[in-house]
Amino acid sequence: MNDGLIFKIKLLLRSRTVPVIFLRRFSYKDIKRATNDFSRVFATSSHGTSYKARFENGDLAVVKEIHLIDQEDDFFYREVQLLARLHHRHVIALNGFSLGRKRFLVFENVENGSLKEHLNDPLRTPLNWRIRLKIAVGVAAALEYLHFFCDPPVYHVSISSNTIMLDENFNAKLTDVGLLGSGSDQVMAWRTSSSNETTGQGYGNIMYQLGLLILELITGQSSEKTGPDLIQWIEESCFPTSMDNMIDPDLGNNYDSRELKGLLAVARFCIKSVDKPNSFTPQIYRYLQRKVSIHTNWV
């Protein structure tokens with residue numbers, strides 16, 4: 001197989017053939033040149049560094065270097081196969097890969113960077129209430145797709161303001177999905193285990209992360225720094241009386257109290273789901289749609 005050619009993937013899932021998927025295979029030189037000798041660092045994780053890239057034809061992309069310890073190329077190909085079959089407006093799309101001296105995944109460009117940057121960078125224009133609602137609903141829609149519309153379901157997802165990117169219209173994009181993500185111990189659970197216990201733990205962990213994200217959207221506080229305090233607050237019986245005091249100051253009074261109550265109810269449910277992992281239901285996305293009057297297509 002020559003570098004720079006289109007790589008054809010034909011996936012077999014549960015003895016059912018799905019349409020052929022075409023991905024670009026990039027050479028190491030392509031990646032090095034597009035990232036300006038790996039100087040355009042975008043984000044880092046335990047599994048590698050992500051870079052902003054501009055290829056010779058002008059295409060922009062996000063390139064993620066993959067670090068695998070004692071793993072063969074077959075494992076990397078499985079990751080490529082998994083990501084290549086995901087098609088959802090709130091899951092970042094895989095456009096290509098590179099395999100050789102180093103391993104890279106090449107994803108679609110995401111114009112507005114990470115959610116974390118928008119919540120924590122004082123030089124950024126604060127996100128308004130409607131955009132924050134749209135982000136919460138978009139993430140829930142992506143989870144519904146990964147859990148109930150993928151075959152087999154994808155249970156390994158890391159949800160945080162650092163792993164959610166925003167496109168030019170501020171639509172949320174999950175970027176840490178698949179076998180090689182960095183946010184969970186459920187790395188192989190979607191494929192190697194069919195036990196209800198493992199699946200339930202995966203559900204509970206994901207819902208807990210979703211609850212933290214919603215609290216971060218509401219308060220503007222980093223869950224990495226103040227996560228325990230946010231959890232303690234949402235679990236207190238008197239939290240409804242203090243909810244207006246917890247709103248991100250950047251929002252001022254520009255939010256809907258009814259929608260705030262609905263969003264907080266979802267966050268509280270999600271946080272409590274970590275102790276009751278089997279309580280996850282596909283209705284969470286529909287509930288959010290009803291409570292906050294935001295609608296999004298799942299494809």
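Residues numbered from 1 in each chain as written. Predicted model: local features only at pLDDT ≥ 70, side-chain atom pairs only at ≥ 80, totals over all residues. Heavy atoms only, no water.

Draft legend 1. Quick peek at the overall build of the protein chain. Along the protein chain, the regular secondary structure elements total 10 helices and 11 strands. Expressed as a percentage of the 299 residues in the protein chain, the buried residues total 54%. Residue pairs at least 24 apart in sequence account for 63% of intrachain contacts in the protein chain once pairs closer than 6 positions are excluded. Accessible area for the protein chain stands at about 14400 Å²; split by element, carbon and sulfur atoms hold 46% of it. (Helix = DSSP H or I, 4+ residues; strand = E, 2+ residues; numbered from the N terminus. Buried < 20%, exposed > 50% of the residue type's maximum accessible area, 1.4 Å probe, protein only. Contact = heavy atoms within 4.5 Å. Areas by Shrake-Rupley, 256 points an atom, 1.4 Å probe, with all protein chains shown as cover.)

Draft legend 2. Highlighting the pairing of strand S6 (residues 48-54). For S6, the tally of buried residues reaches five of seven residues, placing the bulk of the element in the interior. The turn linking S6 back onto strand S7 (residues 60-66) is made up of five residues, and Gly58 within it adopts a positive phi angle of 95°. (Pairing = 2+ DSSP bridges.)

Draft legend 3. Structural detail: helix H4 (residues 129-148). Over its 20 residues, H4 runs 29 Å from end to end, which matches the ideal 28 Å to within 8%, given 1.5 Å per residue. In terms of burial, H4 is a largely internal element, 17 of the 20 residues being buried. Structurally, the start of H4 carries an N-cap: the backbone nitrogen of Arg130 is 3.1 Å from a side-chain oxygen of Asn128. (Expected span 1.5 Å × (residues − 1). Polar contact = N/O pair within 3.5 Å; in protein donor to acceptor, adjacent residues only side chain to side chain.)

Draft legend 4. Highlighting the environment of Lys272. With respect to the secondary-structure elements, Lys272 resides in helix H9 (residues 257-272). Along the primary structure Lys272 and Tyr208 are separated by 64 residues, whereas in three dimensions their C-alpha atoms are 7.4 Å apart.

Draft legend 5. Looking closely at the pairing of strand S9 (residues 103-108). Among the six residues that make up S9, six are buried, leaving the element largely enclosed by the rest of the structure. Relative to S9, S7 runs antiparallel, the two being bridged by six bridges. Among the inter-strand pairings, Val63 is bridged to a residue of S9, identified as Val106. By the bridge criterion, five bridges tie strand S8 (residues 94-99) to S9 in an arrangement that is antiparallel. Within S9, the position partnered with Leu94 by the bridge is Phe107. Following S8, the chain reverses through three residues before pairing antiparallel with S9.

Draft legend 6. Examining the pattern of salt bridges more closely. Counted under the stated rule, the structure contains eight salt bridges. The salt bridge involving Lys32 is made with Asp37; its shortest N-O contact spans 3.8 Å. Of the charged contacts in the structure, one is a salt bridge between Lys173 and Glu108, with a shortest N-O distance of 3.4 Å. Linking Lys173 in strand S11 (residues 172-174) with Glu108 in strand S9, this pair joins segments that are 65 residues apart in sequence. Comparing Lys173 with Glu108 shows no difference in burial state: the two are buried. Each of Asp30, Arg33 and Glu56 takes part in one network of salt bridges that share partners. (Salt bridge = Lys/Arg side-chain N within 4 Å of Asp/Glu carboxyl O.)

Draft legend 7. Looking closely at unusual backbone geometry. Cis rather than trans, the peptide bond between Asp151 and Pro152 has omega equal to 0°. Positionally, Pro152 belongs in the loop between H4 and strand S10 (164-166). One non-glycine residue with positive phi stands out, namely Phe38, at about 60°. On the basis of relative accessible area, Phe38 is assigned to the buried category, the value being 17%.

Draft legend 8. Structural view of the confidence of the model for the protein chain. On average, the protein chain scores 79 in pLDDT, and the residues at 70 or more come to 74%. Per-residue pLDDT stays below 50 along residues 1-5; that stretch engages in 12 contacts with residues further than four places along the chain or on separate chains. With pLDDT under 50 throughout, residues 182-198 is counted as low confidence; its partners more than four residues away or in other chains account for 33 contacts. (pLDDT = per-residue confidence, 0-100.)

Draft legend 9. Seen up close, the packing of H4 against H9. Packing of H4 against H9 leaves a shortest axis separation of 12 Å and a crossing angle of 30°. Classified by the interaxial angle, the pair formed by H4 and H9 is roughly parallel. Between H4 and H9 the crossing geometry is left-handed. From H4, Trp129, Arg130, Leu133 and Ala136 reach across to H9, where they touch Glu259, Leu260 and Leu263. When the residues that make up the contact of H4 with H9 are grouped by side-chain class, the tally is five nonpolar, no polar and two charged. (Axes fitted to C-alpha atoms, helices over the stretch in contact; angles between N-to-C directions. Parallel < 35°, antiparallel > 145°, perpendicular 65-115°, else oblique. Left-handed = near helix turned anticlockwise from the far one by under 90°. Nonpolar A, V, L, I, M, F, W, Y, C, P; charged D, E, K, R; others polar.)

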